[in-house]
Amino acid sequence: MSWLEAVCLCDESMAEALSEALMEAGALSVSVEDADAGGAAEKAIFGEPGSPTGQVWNRNRVVALLDGNADAGAVIAAAAAACGIPPPAHECRQVAEQD
């Protein structure tokens, strides 16, 4: 069995809504990562007790794991429509099963 990983970029105002909409549109899982990780603009966010919750980065990499037969463009378009935004550009890659 294989899966499909679809990655798109979005700003902080849409990261949570887009990730939730991707789940509703059929993604098996969604992660949100710092799009600037490893660079000068990287921003550390820690989930320490007493820290604000719900923080995301200024530029986010939203990664959706989809069934290997899914139409990534259609899933992203449906999620974007649910958020009221145009579908963001995305990249896809196959993810093989690993033991």
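Let me begin by describing the structure that accompanies this report. Quick caveat: nothing in here was measured; it's all calculated off a predicted structure.

## Let's talk about the nonpolar core
Counting residues in each nonpolar core, the largest one holds 18 residues, and the members touching the most others are Cys10, Leu18, Leu22, Val62 and Leu66. Secondary structure elements with two or more residues in this core: β1 (2-11), α1 (15-24), β3 (59-67) and α2 (72-83). Once you skip the residues sitting within four places of it in the chain, leucine 66 turns out to touch Trp3, Leu4, Ala6, Gly26, Ala27, Leu28, Ala72 and Val75.

## Thoughts on the pattern of salt bridges
This model, assessed by the stated rule, comprises 3 salt bridges. One salt bridge in this structure joins glutamate 5 and arginine 93, with 2.9 Å as the shortest N-O distance. Of this pair, glutamate 5 sits in strand β1 while arginine 93 sits in strand β4 (residues 90-96), placing them 88 residues apart in sequence. Relative accessible area serves as the criterion here: at 45%, arginine 93 is assigned to the partly exposed category. Arginine 61 serves as the salt-bridge partner of glutamate 33, at 2.4 Å between the closest nitrogen and oxygen. Pair noted here: glutamate 33 is in strand β2 (residues 29-34) and arginine 61 is in strand β3, with a separation of 28 residues, a long-range link. For glutamate 33, a relative accessible area of 31% puts it in the partly exposed group.

## A few points about the pairing of β3
Looking at chain direction, β1 and β3 are connected through 9 bridges and run antiparallel. Paired with leucine 4 across the strands is leucine 66, a residue of β3. Examined bridge by bridge, β2 and β3 share 6 bridges and lie antiparallel to one another. Looking across to β3, one finds that valine 32 is bridged to valine 62.

## Comments concerning α2
With 12 residues, α2 ought to run about 16 Å at 1.5 Å a step, and its terminal C-alpha atoms sit 17 Å apart, in line with that. Residues of α2 that are buried include every one of Ala72, Val75, Ile76, Ala79 and Ala80, and no others. Along the axis of α2, the buried positions cluster into a sector of 130°, meaning they face one direction only. Opposite the packed face of α2, turned more than 90 degrees from it, sit the exposed residues Ala81 and Ala82. For α2, the secondary structure elements touched by its buried residues are β1, α1, β3 and β4. Structurally, the start of α2 carries an N-cap: the backbone nitrogen of glycine 73 is 3.2 Å from a side-chain oxygen of aspartate 71. Glycine 84 sits one or two positions beyond α2 and adopts a positive phi of about 75°.

Quick notes on the rules
Residues numbered from 1 in each chain as written. Predicted model: local features only at pLDDT ≥ 70, side-chain atom pairs only at ≥ 80, totals over all residues. Heavy atoms only, no water. Core = buried A, V, L, I, M, F, W, Y, C linked by side-chain atoms within 4.5 Å. Buried < 20%, exposed > 50% of the residue type's maximum accessible area, 1.4 Å probe, protein only. Helix = DSSP H or I, 4+ residues; strand = E, 2+ residues; numbered from the N terminus. Contact = heavy atoms within 4.5 Å. Salt bridge = Lys/Arg side-chain N within 4 Å of Asp/Glu carboxyl O. Pairing = 2+ DSSP bridges. Expected span 1.5 Å × (residues − 1). Arc of directions from axis to C-beta. Polar contact = N/O pair within 3.5 Å; in protein donor to acceptor, adjacent residues only side chain to side chain.

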